[in-house]
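Coordinate inspection notes
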Amino acid sequence: MFVKQRLRRAVTAGAAPKLQGSRLLRTTVMPSDPLAILLAAAFTSGCASIHALRHHADGLTFVLAVMAYALATAVGSLLAARFGLLMVPDHAGGWMAVAIGGG
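Residues numbered from 1 in each chain as written. Predicted model: local features only at pLDDT ≥ 70, side-chain atom pairs only at ≥ 80, totals over all residues. Heavy atoms only, no water.

Describing the overall build of the chain
For the record, the criterion: Secondary structure follows DSSP: runs of H or I at least 4 residues long count as helices, runs of E at least 2 residues long count as strands, and numbering of each begins at the N terminus. To be clear on the numbers: accessible area is Shrake-Rupley with a 1.4 Å probe, and residue cover counts the displayed protein chains and nothing else.
Regarding its fold elements, the chain presents four helices and two strands. The N-to-C order of helical and strand elements in the chain reads α-β-β-α-α-α. Total accessible area on the chain is roughly 9200 Å²; 70% of this is exposed by carbon and sulfur atoms.

See the structure below:
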């Protein structure tokens, strides 16, 4: 009776249940999102490198400050471009002036 209740609970929870002997095994597969795995690996390697360079605090602080500034600049540029805050100059008028001999 107990196994049937667990099996019913597992089926309604959306997992794929398996019976092995008298035990109920629930097999769920973690979705493998490549971007999430890449971000986790980058974060972990960054933490490991900071830990390895902890004896060079002055140089590490400078490098991290430069990286934070570069990241903030890149994100700001992307957001400005996304929301149309950047104006791309229209060079067509300049080329027209050169073509008719005015420049």
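A few points about a nonpolar patch on the surface
Rules: Patch definition: residues with relative accessible area over 30% and no salt bridge; like charges joined within 9 Å; nonpolar side chains (Val, Leu, Ile, Met, Phe, Trp, Tyr) joined within 5 Å. Whenever a carboxyl oxygen of Asp or Glu lies within 4 Å of a side-chain nitrogen of Lys or Arg, that contact is scored as a salt bridge. Throughout, exposure labels follow a simple rule: accessible area from a 1.4 Å probe, protein chains only, divided by the maximum for the residue type, with under 20% read as buried, over 50% as exposed, and the rest as partly exposed.
A grouping of Ile50, Phe62, Val63, Leu64, Val66 and Met67 is seen on the molecular surface, where their side chains present a nonpolar patch of about 550 Å² in accessible area. Considering each element in turn, the nonpolar patch owes the most residues, five residues, to helix H3 (residues 57-82). For Met67, a relative accessible area of 52% corresponds to the exposed category.

Side note on the environment of Leu64
Positionally, Leu64 belongs in helix H3. For Leu64, a relative accessible area of 36% corresponds to the partly exposed category. Sequence separation between Leu64 and Ile50 is 14 residues, and the spatial gap between their C-alpha atoms is 9.4 Å.

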